[in-house]
Amino acid sequence: MKIELKNLPSKLKPELKLLRKYIVFGYFIALLMIFGFFVFRINQFSHTEPTEEAVQEKLQTVQRPKLDNAVLEKVEQLESQNIQVQSLFDQARNNPFNE
């Protein structure tokens, strides 16, 4: 069976007609599959949790603030001496998000 280039367009014409008929449907299905894949991957990435090693590594780089005992004693002394400051400390302690 030898295929000649002259006869090729006439033989492919019915297949091209069928292809044109379903090209929009195929395009829609392809887009739907791509969007479905994106939703799947976003969902997968949003539910992943860091490993314990990654958490420990980040904790090693965090510098924790240290409070000097002399400063703490001075603040407590000022709080006990001044009634207005004491009430402010109590109010802030009871409701820290109130301004």
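Residues numbered from 1 in each chain as written. Predicted model: local features only at pLDDT ≥ 70, side-chain atom pairs only at ≥ 80, totals over all residues. Heavy atoms only, no water.

**Observations concerning the overall build of the protein chain**
Okay, so step 1: Of regular secondary structure, the protein chain possesses 4 helices and 0 strands.
Okay, so step 2: Traced from its N-terminal end to its C-terminal end, the protein chain shows the element sequence α-α-α-α.
Okay, so step 3: Rg of the C-alpha trace for the protein chain: 36 Å, well past the compact-globule value of 13 Å for 99 residues, more than 25% over.
Okay, so step 4: Taken along the three principal axes of its C-alpha coordinates, the protein chain extends 105 × 30 × 20 Å.
Okay, so step 5: The burial tally for the protein chain puts 1% of its 99 residues in the buried class.
Okay, so step 6: With the model as given, the accessible surface of the protein chain reaches about 10,400 Å², and the carbon-plus-sulfur share is 63%. (Helix = DSSP H or I, 4+ residues; strand = E, 2+ residues; numbered from the N terminus. Rg over C-alpha atoms; globule rule 2.2 N^0.38 Å. Buried < 20%, exposed > 50% of the residue type's maximum accessible area, 1.4 Å probe, protein only. Areas by Shrake-Rupley, 256 points an atom, 1.4 Å probe, with all protein chains shown as cover.)

**Some points on the environment of glutamate 15**
Okay, so step 1: Mapped onto the elements, glutamate 15 comes out in helix H1 (residues 8–46).
Okay, so step 2: Taking the C-alpha atoms as reference points, glutamate 15 and aspartate 68, 53 residues apart in sequence, are found 84 Å from one another.

**Quick word on the environment of lysine 58**
Okay, so step 1: Mapped onto the fold, lysine 58 is located in helix H2 (residues 52–61).
Okay, so step 2: Assessed through its relative accessible area of 59%, lysine 58 is described here as exposed.
Okay, so step 3: Put simply, lysine 58 and glutamate 15 are 43 residues apart on the chain and 60 Å apart in space, counted from C-alpha to C-alpha.

**Points about a nonpolar patch on the surface**
Okay, so step 1: A grouping of Ile3, Leu5, Leu8, Leu12, Leu16, Leu19, Ile23 and Val24 is seen on the molecular surface, where their side chains present a nonpolar patch of about 800 Å² in accessible area.
Okay, so step 2: Following the sequence through the fold, isoleucine 23 ends up in helix H1. (Patch = residues over 30% accessible without salt bridge, like charges linked within 9 Å, V, L, I, M, F, W, Y side chains within 5 Å. Salt bridge = Lys/Arg side-chain N within 4 Å of Asp/Glu carboxyl O.)

**Observations regarding the packing of aromatic side chains**
Okay, so step 1: Using the criterion set out here, one finds 1 aromatic pair in the structure.
Okay, so step 2: Note on phenylalanine 37 and phenylalanine 38: the rings are 6.3 Å apart at their centroids and 45° apart in plane angle, and the pair reads as tilted.
Okay, so step 3: On the basis of relative accessible area, phenylalanine 37 is assigned to the partly exposed category, the value being 48%. (Phe/Tyr/Trp six-rings, centres within 6.5 Å; stacked < 30°, edge-to-face > 60°.)

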